[in-house]
Amino acid sequence: MSQTERSAALITLRNIVKQYHLGKTIVPALQGVDLQVARGEFTVVMGPSGSGKSTLLNIIGCLDSPTSGTYHFDGQEVSNRDFDKLAELRNRKIGIIFQSFNLIPVLNVIENVEFPCLMRKDPEPLGSLRERVVKLCEDVGLGPYLKHRPDELSGGQRQRVAIARALITHPELVLADEPTANLDSKTSEQIIALMQRLNEQMGVTFIFSTHDPRVMQHAKRVVHIADGKIVERNPLVAA
Amino acid sequence: MLPPLFRIAFRNVLRNRRRSLITFSAVFLALGIMVSIRGFLNGLQATIRESVVLGQTGALQVHRKGFLKSVNASLDQVIPSDEAFLRKITAVSGVKAATARIMFGGMANANDTSAAAMFTAIDPVQELIVCPRRNEMIYRGKNLKESSPIAAILSPELASSLGIKLGQRATILTSDRDGVMNALDFDFTGQYGQPGLPLPDKKLGFVPLAFAQQLLRMEGKATEIAIALHRFEDAERIKPILQEALGPEYEVATWHDVAAYIDDAIATQNFILNLIAGVFLFVALLGIANTMLMSVLERTREIGTMMSVGVRRRQILTLFLLEASLLGLAGGILGALVGGSFVLYYGHSGMLLPIPEMPVPLHIFPTISASYILFILSLAAGGAALAALWPSIRASRMRPVEALSSV
Ligand SMILES: Nc1ncnc2c1ncn2[C@@H]1O[C@H](COP(=O)(O)OP(=O)(O)OP(=O)(O)O)[C@@H](O)[C@H]1O
Ligand SMILES: [Mg+2]
């Protein structure tokens with residue numbers, strides 16, 4: 001591997017194995033995954049249900065740790081950091097978007113979006129933060145709903161809130177685990193188009209998973225996964 | 001602008017209205033009851049103290065040194081009761097009045113029956129200045145000031161064992177300091193019973209001081225001087241000053257010293273109050289623990305979400321502790337308000353407490369101190385946080401993936 005490749009890679013997974021223990025049986029969710037994702041990439045992880053997409057994204061998002069293998073984020077080993085170090089990493093460098101939106105129900109749109117920034121040890125001044133939040137919300141099409149609580153929004157609108165929340169911290173990486181699975185196809189298209197636009201405008205690295213072949217066409221790069229292994233690498237755009 | 005965790009905590013308390021309301025009510029009830037009972041007891045204890053000080057002991061007492069330690073009311077240990085000696089006492093600043101007494105035992109006789117009894121001889125005029133509540137000691141009949149120099153007040157127990165009625169005559173037989181027997185007739189003019197104090201089941205009698213001095217052949221002498229102060233709270237302060245003024249052959253005691261049983265009774269009451277309050281508070285705090293545990297279980301996914309955006313463990317812990325404290329504090333404030341209003345209302349108008357066998361009910365004025373209210377408010381908030389500690393720690397220790405995959 002050349003030096004340029006190394007420095008361009010935002011994340012590097014080597015021989016990642018993840019096993020779940022169900023009673024006495026061991027469920028191999030990931031069986032030796034090697035993956036590099038370069039900065040600015042828009043990568044789709046494709047695979048059938050149960051193939052290990054969520055497991056992989058959870059490990060990349062530092063929500064879970066691998067059974068074995070190494071994971072470097074931005075050139076740094078992360079597998080052996082403690083909870084608060086990982087929390088800091090998630091807070092500053094990784095934005096995560098979920099299939100089921102996962103907004104905080106008692107907070108309105110603005111409050112949900114600004115929440116990650118306010119949880120920092122050194123939160124930025126509220127005035128400038130609010131300004132950024134409102135601008136971002138308007139940018140993702142939430143302008144009219146700033147004061148709405150999650151239960152007053154449609155699925156597509158909720159996912160836009162989640163996207164704004166993932167982006168407000170200026171992360172290096174945004175992970176989205178089947179972000180469109182709970183949305184109808186038209187809304188799905190819009191959400192994917194939005195993520196793509198943000199990827200292009202802001203240069204944020206996106207990794208998202210799906211088992212819907214229709215969204216493949218948007219991807220610059222598709223990684224196929226089956227039975228916990230990457231079966232085919234298809235870099236449409238070189239890093 | 002509220003800090004974000006506080007905002008979330010506050011809204012979550014409001015979100016689950018019914019559950020919050022139940023928990024809130026438990027804390028409210030506990031604190032309301034605590035404040036009310038404390039206020040009532042404060043009033044009752046003040047009344048009891050007053051009854052003792054203003055009706056029996058006076059604020060300070062002077063005896064011959066050793067008198068209080070002797071088992072029997074001994075006539076050997078006498079002190080002067082003359083004007084000069086009393087003036088030495090009243091000269092001390094803060095002293096309002098002083099009165100001499102003699103405590104002695106004797107046989108009361110009437111209708112060919114006799115009964116051993118304890119007598120207290122009092123100065124009919126001075127006694128009412130030092131212990132004005134003695135005025136109310138007459139359950140039936142007249143007090144000594146209004147009666148003849150040979151009048152006596154007897155406890156119902158003594159009167160009935162002698163089989164005499166008010167207005168009838170009887171005799172006291174006793175021996176003087178030299179062991180010489182002597183007897184004098186008296187008229188039974190009043191029946192004894194003191195408000196605020198339990199009706200004595202003992203055989204007691206009260207006679208005029210001069211009568212006793214003649215009977216016991218101890219003119220100008222007494223066994224006890226009872227002293228009223230301008231403020232009875234000054235007793236401890238004035239005690240050493242008076243001791244200094246009188247010299248070492250005498251012994252000055254405060255009402256605490258001579259009526260230690262009152263302090264014991266008050267301590268018992270306080271213990272019972274704290275026990276009851278503790279049980280109520282414990283139940284309320286169990287409610288909080290349960291509420292918070294349910295909340296944590298219900299909001300597992302939300303906890304996972306927070307962790308996914310980089311919230312630290314300590315912040316999750318803070319959030320749930322904050323929610324519990326808010327519940328405890330809200331219930332506590334309302335409880336303190338309602339209990340406090342109860343105390344203020346009755347503290348103003350007074351509360352009549354009927355006592356069995358007493359002709360007049362006790363008049364009680366409940367009071368409560370701001371520091372007690374603050375104390376139990378912090379107890380409610382702090383206790384709530386403590387009760388929520390385990391659920392909150394549980395929440396903060398969750399693993400992000402597991403929390404996120406809960407339904
Ligand atoms: N907590 C767990 N305990 C045990 N086995 C698990 C657990 N989570 C996932 N698995 C197993 O690991 C494998 C991969 O699961 P994963 O959720 O990563 O699949 P996926 O590709 O995301 O599927 P889907 O498209 O249905 O979301 C599956 O066989 C699954 O049953
Ligand atoms: Mg999945």
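None of the values given here were measured: they were computed from a predicted structure.

## Concerning the packing of helix α11 (residues 313-349) of chain B against helix α13 (residues 389-396) of chain B
Packed helices, taken two at a time, are described by the angle between their axes plus the distance between the axes.
Residues and elements named next belong to chain B.
Okay, so step 1: Contact geometry for α11 and α13: axes closest at 8 Å, N-to-C directions at 150°. Regarding α11 and α13, the two cross each other, and that crossing is right-handed. For the pair formed by α11 and α13, the contact residues are R313, I316, L317, F320 and L321 on the first element and L389, S392, I393, A395 and S396 on the second.
Okay, so step 2: Tallied by class, the residues present in the contact of α11 with α13 amount to 7 nonpolar, 2 polar and 1 charged.

## A closer look at helix α7 (residues 235-246) of chain B
Residue and element names in this part refer to chain B.
Okay, so step 1: The end-to-end C-alpha distance of α7 is 16 Å, a good match for the 16 Å that 12 residues give at a rise of 1.5 Å each.
Okay, so step 2: Within the span of α7, buried status applies to A235, I238, L242 and L246. Buried residues of α7, seen end-on, are gathered within an arc of 70° and therefore sit on one face of the element.
Okay, so step 3: Buried-residue contacts for α7 involve β1 (60-64), α3 (83-90), β3 (95-110), β11 (224-229), β12 (250-254) and α8 (255-258).

## Considerations on the state of the cysteines
Okay, so step 1: Within the structure shown, the criterion is met by 0 disulfides over all chains.
Okay, so step 2: Of all cysteine sulfurs in the structure, the one in C137 of chain A sits closest to C117 of chain A, which takes part in no disulfide; the separation is 11 Å.

## Digging into the site of ligand 1
Residue and element names in this part refer to chain A.
Okay, so step 1: Taken together, the neighbourhood of ligand 1 is formed by 14 residues, with S49, G50, K53, S54 and T55 sitting nearest.
Okay, so step 2: Note that an oxygen atom of ligand 1 is positioned 3.0 Å from one of the backbone N or O atoms of G52.
Okay, so step 3: A distance of 2.7 Å separates an oxygen atom of ligand 1 from a polar atom in the side chain of S54.
Okay, so step 4: A total of 630 Å² of accessible area belongs to ligand 1 in isolation, and the protein chains cover 64% of it.
Okay, so step 5: When residues of the shell around ligand 1 are assigned to their parent elements, the largest contribution, 3 residues, is made by helix α2 (residues 53-60).
Okay, so step 6: Classifying every residue of the shell around ligand 1 by side-chain character gives 5 nonpolar, 7 polar and 2 charged.

## A closer look at the nonpolar core
Okay, so step 1: Counting 111 residues, the largest nonpolar core has I89, I102, F104, L154, I225 and I227 of chain B as its most contacted members.
Okay, so step 2: Take this core: its biggest share by element is 11 residues, from helix α9 (residues 260-298) of chain B.
Okay, so step 3: Shared between two domains, this core holds at least three residues of each, these being domain 1 (4-52 + 263-404) and domain 2 (66-247) of chain B.
Okay, so step 4: Apart from the residues within four sequence positions on either side, I89 of chain B is in contact with V62, V95, A98, I225, I227, L242 and L246 of chain B.
Okay, so step 5: The next biggest cluster of nonpolar side chains, apart from the first, holds 40 residues, and it includes M46, F101, L118 and I191 of chain A.

## Some words on the domain arrangement of chain B
Okay, so step 1: Partitioning chain B into domains gives domain 1 (4-52 + 263-404) and domain 2 (66-247).
Okay, so step 2: Placing a centre on the C-alpha atoms of domain 1 of chain B and another on those of domain 2 of chain B gives a separation of 50 Å.

## Observations concerning the layout of surface pockets
Okay, so step 1: For the second largest pocket, the calculated volume is near 490 Å³.
Okay, so step 2: Contributing elements (two or more residues each) for the lining of the second largest pocket: α2 of chain A together with α14 (400-405) of chain B.
Okay, so step 3: In terms of residue class, the lining of the second largest pocket is built from 5 nonpolar, 12 polar and 7 charged.

## Quick look at the interface of chain B and chain A
Okay, so step 1: Facing the 25 residues of chain B at the interface are 29 residues of chain A.
Okay, so step 2: Across the chain B to chain A interface the summed buried area is about 2500 Å²; carbon plus sulfur atoms make up 63%.
Okay, so step 3: Three residues stand out in chain B for area buried against chain A, namely R11, V309 and R312 of chain B, and they jointly supply 25% of the buried area on that side.
Okay, so step 4: Along the contact surface separating chain B from chain A lie 4 salt bridges.

## A few points about the confidence of the model for chain B
Should pLDDT be low for a region, the predicted coordinates there are not to be read in detail.
Okay, so step 1: With 95% of its residues at a pLDDT of at least 70, chain B reaches an overall mean of 88.
Okay, so step 2: Interface confidence for the predicted complex, given as ipTM, is 0.90, next to a pTM of 0.80.

## As for the sheet that holds strand β2 (residues 25-38) of chain A
All names here are of chain A.
Okay, so step 1: Taken together, 4 strands build an open sheet; the order of strands is β2-β1-β4-β5 and the sheet is antiparallel. Only two strands of the sheet have a single partner each, and these edge strands are β2 and β5 (76-77).
Okay, so step 2: Inspection of the sheet shows strand β1 (residues 9-22) paired to β2 by 11 bridges, in the antiparallel sense. Residue pairing across strands places Y20 opposite V27, the latter belonging to β2.

Rules and cut-offs
Residues numbered from 1 in each chain as written. Chains lettered and ligands numbered in written order. Predicted model: local features only at pLDDT ≥ 70, side-chain atom pairs only at ≥ 80, totals over all residues. Heavy atoms only, no water. Axes fitted to C-alpha atoms, helices over the stretch in contact; angles between N-to-C directions. Helix = DSSP H or I, 4+ residues; strand = E, 2+ residues; numbered from the N terminus. Left-handed = near helix turned anticlockwise from the far one by under 90°. Contact = heavy atoms within 4.5 Å. Nonpolar A, V, L, I, M, F, W, Y, C, P; charged D, E, K, R; others polar. Expected span 1.5 Å × (residues − 1). Buried < 20%, exposed > 50% of the residue type's maximum accessible area, 1.4 Å probe, protein only. Arc of directions from axis to C-beta. Disulfide = S-S within 2.5 Å. Near = heavy atom within 4 Å. Polar contact = N/O pair within 3.5 Å; in protein donor to acceptor, adjacent residues only side chain to side chain. Areas by Shrake-Rupley, 256 points an atom, 1.4 Å probe, with all protein chains shown as cover. Core = buried A, V, L, I, M, F, W, Y, C linked by side-chain atoms within 4.5 Å. Domains from an automatic or database assignment. 1 Å grid on protein atoms, 1.4 Å probe; cavity = no way out; pocket = protein on both sides within 12 Å on 5 of 7 lines; lining within 4 Å. Points joined across faces, edges and corners; volume = space filled by probe spheres on them. Buried area = accessible area lost by both parts, 1.4 Å probe. Salt bridge = Lys/Arg side-chain N within 4 Å of Asp/Glu carboxyl O. pLDDT = per-residue confidence, 0-100. Pairing = 2+ DSSP bridges.

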